[in-house]
Amino acid sequence: MSTLADVLSRETREGELYDVLPDGRLRCYACGHQCPLPDGAIGVCKVRFNQSGRLRVPWGYVGGVQCDPIEKKPFFHAYPGALAYSFGMLGCDLHCGYCQNWVTSQALRDPAAVSPPMEARALELVADAVRMGARVLVSTYNEPLITSEWAVEIFKEAKAAGLVTGFVSNGNGTPKVLDYLRPWIDLYKVDLKSFDDRHYRELGGRLEPIKDTIRRLHAMDVWLEIVTLLIPGFNDSSDELTRLADFIANVSPDIPWHVTAFHSDYKMGDTPNTTAEMLRQAAAIGRRAGLRHVYAGNLPGAVGDLEDTRCAACKATLVARAGYRIRDYRITANGCCHACGTPVPGRFDAHFAGQLASQPSVIRLRR
Ligand code: SF4
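Since the structure is predicted, the reported quantities are computational estimates derived from the model, not experimental observations.

Caption draft 1: Expanded view of the sheet that holds strand β4 (residues 36-37). Spatially, β2-β3-β4 is the arrangement adopted by the three strands of the open sheet, whose pairing is antiparallel. A single partner strand is all that each edge strand has here, and the edge strands are β2 (18-20) and β4. Looking at chain direction, strand β3 (residues 26-28) and β4 are connected through two bridges and run antiparallel. Bridging from a neighbouring strand, R27 pairs with P36 of β4.

If you want it as structure tokens, here you go:
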């Protein structure tokens with residue numbers, strides 16, 4: 001019987017994000033590991049490999065597809081209420097013990113994670129997204145950087161169909177992969193997991209490439225939102241959160257920062273859940289750092305107005321939310337506060353078209 005890794009090794013084509021080194025090894029640039037790969041070697045991500053001097057990369061499948069409210073990504077300043085057609089692949093370049101998508105992200109590393117791939121073509125996925133009424137198409141669930149060539153293939157079709165495109169990513173990028181993505185991507189969520197390099201090394205990465213990705217995405221004018229899953233005892237010290245929030249504010253105080261609640265999961269079942277009070281304290285740190293849009297997530301109804309978008313100037317409520325559901329929308333057609341006219345940072349349509357769904361729905365691909 002074929003293993004999952006066998007199946008995936010057939011679902012590939014030659015990649016574009018690599019160079020040949022003077023000693024004949026290949027250097028992959030899809031993520032911050034920048035693996036040097038001798039012939040026959042596979043990268044840290046377990047999905048890209050050197051086959052006879054060519055880099056083979058994932059192609060032509062998805063690990064899962066789902067229609068999500070865009071608030072689930074979470075994007076709060078990009079097309080509020082839109083439906084985000086979301087596809088995932090398999091594998092990841094990190095190995096976080098608390099991963100909430102571990103069935104897809106760790107499918108090739110952890111025998112308990114089983115998630116069979118489904119063959120897919122870019123045109124079919126985009127047609128499906130349009131049929132479902134999606135405004136946005138997002139690569140998510142596992143780490144999209146490691147499958148950037150396939151994402152770009154899909155995003156080209158998506159843009160031709162008038163859709164907005166995005167990544168939900170750990171941000172462990174390189175200048176080359178970001179330049180490669182830039183013509184085809186509109187939105188990017190970075191999961192900034194910690195501001196301590198030792199913590200990142202525990203997860204299998206480094207802090208510096210993620211900071212560099214954040215700076216570059218902002219400079220490239222890709223719409224960027226940042227999420228920090230607040231994990232008791234791991235990244236919730238006020239010192240670490242202050243340094244993290246200061247960093248974001250120095251890149252731009254207009255970048256939305258979401259602090260979200262951890263639920264005991266995967267290999268961290270003994271760590272307690274994040275409380276609403278912990279989220280409120282973290283949000284206060286973000287505001288003290290000068291961030292203008294700070295949100296608390298994963299505990300709907302328990303965090304007061306920290307689910308709502310408010311005008312940075314006059315504090316009027318612009319988008320009222322309950323979890324993923326939009327309760328009220330008051331951004332003007334030209335993207336400004338209805339009360340004082342201050343521009344709202346983000347990407348907005350001229351008119352709020354209502355919300356197609358405030359809950360995720362799983363999609364069975366039609367064949
Ligand atoms: S995507 Fe990252 S982990 Fe995978 S081969 Fe390329 S550099 Fe290595």
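We are not done yet, so read on.
Caption draft 2: Representation of the state of the cysteines in the model. Within the structure shown, the criterion is met by zero disulfides. The structure places no disulfide on C311, whose sulfur is separated from the nearest cysteine sulfur, that of C340, by 3.6 Å. Residue class for C311 comes out buried when judged on its relative accessible area of 3%.

Caption draft 3: Quick peek at the packing of aromatic side chains. Under the definition given, this model contains six aromatic pairs. Residues W59 and W150 carry aromatic rings whose centres are separated by 5.2 Å and whose planes lie at 55 degrees to one another, so their mutual orientation is tilted. Here W59 is found in the loop between β6 (54-58) and β7 (61-62), whereas its partner W150 is found in helix α4 (residues 148-160), with 91 residues between them in sequence. Comparing W59 with W150 shows no difference in burial state: the two are buried. Ring geometry for F195 versus F247: centroids 5.5 Å apart, planes at 40 degrees, classification tilted. In this pair, F195 sits in the loop between β13 (187-191) and α6 (197-202) while F247 sits in helix α8 (residues 238-251), placing the two residues 52 residues apart along the sequence.

Caption draft 4: The packing of α8 against helix α9 (residues 276-288), seen in detail. Running from N to C, α8 and α9 point in directions that differ by 40 degrees, and their axes come no closer than 9 Å. On the basis of their axis angle, the class for α8 and α9 is oblique. In the crossing of α8 with α9, the sense of the turn from one axis to the other is right-handed. Note on element contacts: α9 touches α8 through A282, I285 and G286, opposite S238, L241, T242 and A245.

Caption draft 5: Geometry of the site of the ligand. Neighbouring the ligand are C28, A30, C31, H33, Q34, C35, G43, V44, C45, R48 and I146. Its residues assigned to classes, the shell around the ligand comprises seven nonpolar, three polar and one charged.

Rules behind the numbers
- Residues numbered from 1 in each chain as written.
- Predicted model: local features only at pLDDT ≥ 70, side-chain atom pairs only at ≥ 80, totals over all residues.
- Heavy atoms only, no water.
- Pairing = 2+ DSSP bridges.
- Helix = DSSP H or I, 4+ residues; strand = E, 2+ residues; numbered from the N terminus.
- Disulfide = S-S within 2.5 Å.
- Buried < 20%, exposed > 50% of the residue type's maximum accessible area, 1.4 Å probe, protein only.
- Phe/Tyr/Trp six-rings, centres within 6.5 Å; stacked < 30°, edge-to-face > 60°.
- Axes fitted to C-alpha atoms, helices over the stretch in contact; angles between N-to-C directions.
- Parallel < 35°, antiparallel > 145°, perpendicular 65-115°, else oblique.
- Left-handed = near helix turned anticlockwise from the far one by under 90°.
- Contact = heavy atoms within 4.5 Å.
- Near = heavy atom within 4 Å.
- Nonpolar A, V, L, I, M, F, W, Y, C, P; charged D, E, K, R; others polar.

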